[in-house]
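A closer look at the structure
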Amino acid sequence: KIKACLFDLDGVIVDTAKYHFLAWKKLADELGISFSEENNELLKGVSRMQSLEIILNLGKKTLTDDEKLRFADKKNQVYLDQIYRMKADELLPGAKEFIEEIKQSGIKVALGSASKNAPLILQQLEIEDMFDAIVDGNEVTEAKPDPEVFLKGASALQVEPQNCVVFEDAIAGVEAAKNAGMVCIGIGDPATLSQADHVIPGFEGFRLSNLINLFEDDNE
Ligand code: BG6
Ligand code: MG
């Protein structure tokens, strides 16, 4: 039985994934490292510092700890320039409607994001009050695929992991949900998110009845 739904933020509720990519791309260019959209899949759901490590590994570059902090901060400044300009219309189609519908039916909802910028993004989108619990990059110590972010969300909602459904667009995020013992619905490409229990293209036209149908199919 579904008692709670946990939502990733970047790439699930809002299309900030493109801003993360553009900001990292700019930084990679500066460092002389080639960085493709395919490489970017590895960064989704991953913390800021770990993302930098992945890029440095791709380019076989090393930096001092001070330089790393400086570059990560620089990336975040480029990213924030976009976020400050973001408006509520950048919510991904159907996401808010779906969350409101499931809340009405008594299902609890939480945010489970790796981003330290999550509070600002929720504010820009005018959805700070939509979640029953918020767990973001400011509260977690272990990055996805560690299940910490989703386990903290479930515990804040007082729901057992087996009664939780996670919505994720990142490979690391799907793994985190499965590591938490939760059902995971991937948002995006089924080939990329092959570890998810089901994959949907997005929330447009997706209703609670569709979610319930996915589970009924499983029991056939
Ligand atoms: C995740 C994104 O949600 O948050 C990653 O998918 C990002 O791309 C991570 O690196 C950390 O975000 P921030 O906003 O703290 O740099
Ligand atoms: Mg994401």
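Predicted model only: the values in this text are computed from it and were never measured.

Right, let's talk about the overall build of the protein for a bit. When its secondary structure is counted, the protein shows nine helices and six strands. Radius of gyration (C-alpha) of the protein: 17 Å, near the 17 Å computed for a compact globule of 220 residues. Referenced to the eigenvectors of the C-alpha coordinate spread, the extents of the protein come out at roughly 50 × 35 × 30 Å. Contacts in the protein between residues at least 24 apart in sequence constitute 61% of all its contacts with a sequence separation of at least 6.

It is worth spelling out the confidence of the model for the protein at this point. Averaged over every residue, the pLDDT of the protein is 95; the share at 70 or more is 98%. In the predicted complex, the global pTM is 0.94; the interface-specific ipTM is 0.98.

Okay, the site of ligand 1 next. Near ligand 1 you find 18 residues, and of these Asp-10, Arg-48, Ser-115, Lys-116 and Asn-117 are the closest. Of the residues in the shell around ligand 1, the class split is five nonpolar, nine polar and four charged.

Grouped together as the largest cluster of nonpolar side chains are 63 residues, with contacts concentrated most on Ala-4, Phe-7, Ala-110, Phe-150, Val-166 and Met-182. Once you skip the residues sitting within four places of it in the chain, Ala-110 turns out to touch Ala-4, Leu-6, Phe-131, Asp-132, Ala-133, Ile-134, Val-135, Gly-153, Ala-156 and Leu-157.

Bringing the UniProt feature "binding site: Mg(2+)" (unreviewed entry) in the protein into the picture now. As annotated in UniProt, the feature "binding site: Mg(2+)" (unreviewed entry) corresponds to Asp-8, Asp-10, Glu-168 and Asp-169 in the numbering used here. Spanning 162 residues, the named residues form one tight spatial group whose C-alpha atoms are at most 9.0 Å apart. Counting through the fold element by element, Glu-168 comes out in strand β4 (residues 164–168). For Glu-168, a count of 32 C-beta atoms within 10 Å gives the class buried. Setting aside chain neighbours within four positions, we find Glu-168 in contact with Asp-8, Val-12, Gly-173, Val-174, Ala-177, Cys-184, Gly-186 and Ile-187. Within the secondary structure, Asp-169 sits in the loop between β4 and α8 (171–179). Among all residues touching Asp-169, those that are not within four sequence positions of it are Asp-8, Gly-11, Val-12, Ala-17, Lys-44, Ile-187 and Gly-188.

An order of β3-β2-β1-β4-β5-β6 is seen for the six strands of this open sheet, with the pairing classed as parallel. Each edge of the open sheet carries a strand with a single partner, namely β3 (133–135) and β6 (198–200). Across this sheet, the average inter-strand angle for adjacent strands is 20°, counted without regard to direction. Bridge count for β4 against strand β5 (residues 183–187) is four bridges, and the pairing is parallel. Of the residues in β5, the one forming a bridge with Glu-168 is Gly-186.

Structurally, Val-159 is set in the loop between α7 (148–157) and β4. Residues Val-159 and Lys-3 lie 156 residues apart in sequence; the distance between their C-alpha atoms is 6.8 Å. Setting aside residues no more than four positions away along its own chain, Val-159 makes contact with Lys-3, Ala-4, Lys-108, Ala-154 and Cys-164.

What counts as what
- Residues numbered from 1 in each chain as written.
- Chains lettered and ligands numbered in written order.
- Predicted model: local features only at pLDDT ≥ 70, side-chain atom pairs only at ≥ 80, totals over all residues.
- Helix = DSSP H or I, 4+ residues; strand = E, 2+ residues; numbered from the N terminus.
- Rg over C-alpha atoms; globule rule 2.2 N^0.38 Å.
- Contact = placed C-beta atoms within 7 Å.
- pLDDT = per-residue confidence, 0-100.
- Near = placed C-beta within 6 Å.
- Nonpolar A, V, L, I, M, F, W, Y, C, P; charged D, E, K, R; others polar.
- Core = buried A, V, L, I, M, F, W, Y, C linked by C-beta atoms within 7 Å.
- Buried ≥ 20, exposed ≤ 12 C-beta atoms within 10 Å, placed from the backbone.
- UniProt positions renumbered as here; feature names shortened; annotations may be inferred.
- Pairing = 2+ DSSP bridges.
- Axes fitted to C-alpha atoms, helices over the stretch in contact; angles between N-to-C directions.

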